[in-house]
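Given next are the chains, with one letter for each unit.
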Amino acid sequence: MFEKILIANRGEIALRIIRTCREMGIKTVAVYSTADRESLHVRFADEAVCIGPPASADSYLSVPKIMAAVEITNADAIHPGYGFLAENAAFAEVCSQYGIKFIGPTPAQIRKMGDKITAKDTMIKAGVPVVPGSDGLIKDVKHGMKVAKEIGYPVIIKATAGGGGKGMRIIWEAKDFENNWNNARQEAKASFGNDGIYIEKYIEEPRHIEFQIVGDQYGKVIHLSERDCSIQRRHQKLVEECPSPFMTDELRLKMGEAAVKAGQCINYEGVGTIEFLVDKYRNFYFMEMNTRIQVEHPVTEEVIDHDLIKEQIKIAAGEPITGENYFPNAHAMECRINAEDPFNNFRPSPGKIVSFHSPKGHGVRVDTHVYASYTIPPYYDSMIAKLICRARTREECIKKMERALDEFVVEGIKTTIPFHQRLMRDENFRAGNFTTAFLNTFEMGEEQK
Ligand code: MV4
């Protein structure tokens, strides 16, 4: 087992990883930017190293600075968390060159799933259903229009280096193809330095249902059931839950089998997520794979009563998986609490938290790095806490979430708590009747002062 893990991240996930390390008797090293001096991950780690100024490019994304921190602290492994360097194959490669264990998949696995055309091609070969679309890269406008016509409008064009919604365009008619094609290519070139584009049939109002998988170094892959992440706004997830209210036992067997096959076909090592689009007829299609721990992992942890960070560390240390595919018999839901004003287009609201009281009680979990008197810096993402509730049924879980949201007090900044309170009262949400389009028409109503 590792003696000392450096956590190349900040915020709640850094704290989350430190907690598990302490329980496992592993020493921890925090790295931090000058904007994060007062952050809890710095205080709770055994050692902390300042790695630069607030800008991520000069701190949390700087490979030389992180490797220097590894060197001076003698850490033997790095946990990348999510975001930042978590899906950076070059970073994972540098770690292995230095003899430091990157807690996650191999550089080759990260690379394969990071290029979306390669990922899709790999899944086709493994027999995992994918959205009908172009056979690889589109060469030029003429080729694109021909493929789009064959598939049938509406189509969606995506950047092979993209993911998470970046560099996508929906095209409804042939006359709009050329414009969208040009824009998407320019955007992809500017954002990813790669203007490779592919085309898919556009699935209207799908659900986003993802499967948590776990693979060990000996070729065993299992799934830990699904999370429904359809409640999202501009590709930012706001609520995730397990089980999906749209799931059936039969569909879970089929999607679970596909998710395990997806992991097995690349000998996947570590925890990962297979994202699917599910249409109204319950057809499902592989969309992309995330080769990291995800923000919403506590939903799965609460339903199956299992520590996924511990699982990651054990797998990285070479331990075999002992469990089997898991089917849920409880319900868990996560609300992301962001420092944003839901009454003003979710505008960011950084600043000083004057008072902070987090909800407690049976079946309530809050993962956060903030506290009263903490100042939220404006440089990073706006998530300040995750409120996770667990109960026997979805109905009880929603009631518990309503109670917990009512108990949550954050003063000094605006948060998304009022959004979640309204969502929990929405009839369609309560009925499990929602798709990824749900928030497009959701009304917040008047702010109560
Ligand atoms: C799609 C799609 C419909 N049809 N692909 C969004 C994020 C990126 N991973 C891919 N995304 C989508 N791909 C086809 N062929 C609709 C989306 C999509 C979406 C997917 C999941 C969750 C929220 C979404 C919001 C808008 C669009």
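For the structure itself, consult the block above.
Residues numbered from 1 in each chain as written. Predicted model: local features only at pLDDT ≥ 70, side-chain atom pairs only at ≥ 80, totals over all residues. Heavy atoms only, no water.

Q: How do you make sense of the side chain of His 79 when you look at a structure like this?
A: Looking at the element boundaries, His 79 is found in strand β4 (residues 77-79). When its relative accessible area of 1% is taken as the criterion, His 79 is described as buried. Engagement of the side chain of His 79 in a polar contact is seen with the backbone nitrogen of Gly 81, the distance being 2.9 Å. (Helix = DSSP H or I, 4+ residues; strand = E, 2+ residues; numbered from the N terminus. Buried < 20%, exposed > 50% of the residue type's maximum accessible area, 1.4 Å probe, protein only. Polar contact = N/O pair within 3.5 Å; in protein donor to acceptor, adjacent residues only side chain to side chain.)

Q: So what exactly am I meant to see when it comes to the packing of helix α5 (residues 107-114) against helix α6 (residues 116-126) here?
A: When two helices pack together, their arrangement is given by the angle between the helix axes and the distance between those axes. Between α5 and α6, the least distance of the axes is 5 Å, while the angle of their chain directions is 95°. With respect to α6, the element α5 is oriented roughly perpendicular. Taking contact as the criterion, the partners of Lys 112, Met 113 and Gly 114 in α5 are, on α6, Lys 116, Thr 118, Ala 119, Thr 122 and Met 123. For the contact of α5 with α6, a count of residues per class yields three nonpolar, three polar and two charged. (Axes fitted to C-alpha atoms, helices over the stretch in contact; angles between N-to-C directions. Parallel < 35°, antiparallel > 145°, perpendicular 65-115°, else oblique. Contact = heavy atoms within 4.5 Å. Nonpolar A, V, L, I, M, F, W, Y, C, P; charged D, E, K, R; others polar.)

Q: Could you clarify how one ought to interpret the site of the ligand in this entry?
A: Residues in contact with the ligand amount to 18 residues; listed here are only the nearest, Lys 158, Glu 200, Lys 201, Ile 203 and Glu 288. Between the ligand and the protein, one listed contact pairs a nitrogen atom with a side-chain N or O atom of Lys 158 at 2.9 Å. At 2.8 Å from a nitrogen atom of the ligand is found a side-chain nitrogen or oxygen belonging to Glu 200. For the shell around the ligand, the secondary-structure elements that each account for two or more residues are β6 (155-159), β8 (197-201), β12 (270-278) and β13 (284-290). Across the shell around the ligand, the residue classes tally to seven nonpolar, six polar and five charged. Split by domain, the shell around the ligand shows at least three residues from each of two domains, domain 2 (132-201) and domain 3 (207-440). (Near = heavy atom within 4 Å. Domains from an automatic or database assignment.)

Q: Help me understand the side chain of Arg 422 in this model?
A: You can see Arg 422 is positioned in helix α13 (residues 417-425). Summary of buried charges: Arg 422 has no salt-bridge partner, and the nearest side chain of opposite charge, Glu 447, is 8.1 Å away. Once you skip the residues sitting within four places of it in the chain, Arg 422 turns out to touch Phe 343, Phe 442, Met 444, Glu 446 and Gln 448. (Lys, Arg positive; Asp, Glu negative; His and termini not counted. Salt bridge = Lys/Arg side-chain N within 4 Å of Asp/Glu carboxyl O.)

Q: Explanation requested: α13 in the structure shown.
A: Along an α-helix, residues three or four positions apart point the same way, because every turn accommodates 3.6 residues. The set of residues buried in α13 consists of Ile 417, Phe 419, His 420, Arg 422, Leu 423 and Met 424. Lining the buried residues of α13 we find β10 (221-233), β11 (236-242), β14 (331-338), α12 (394-407), β22 (409-411) and α14 (427-430).

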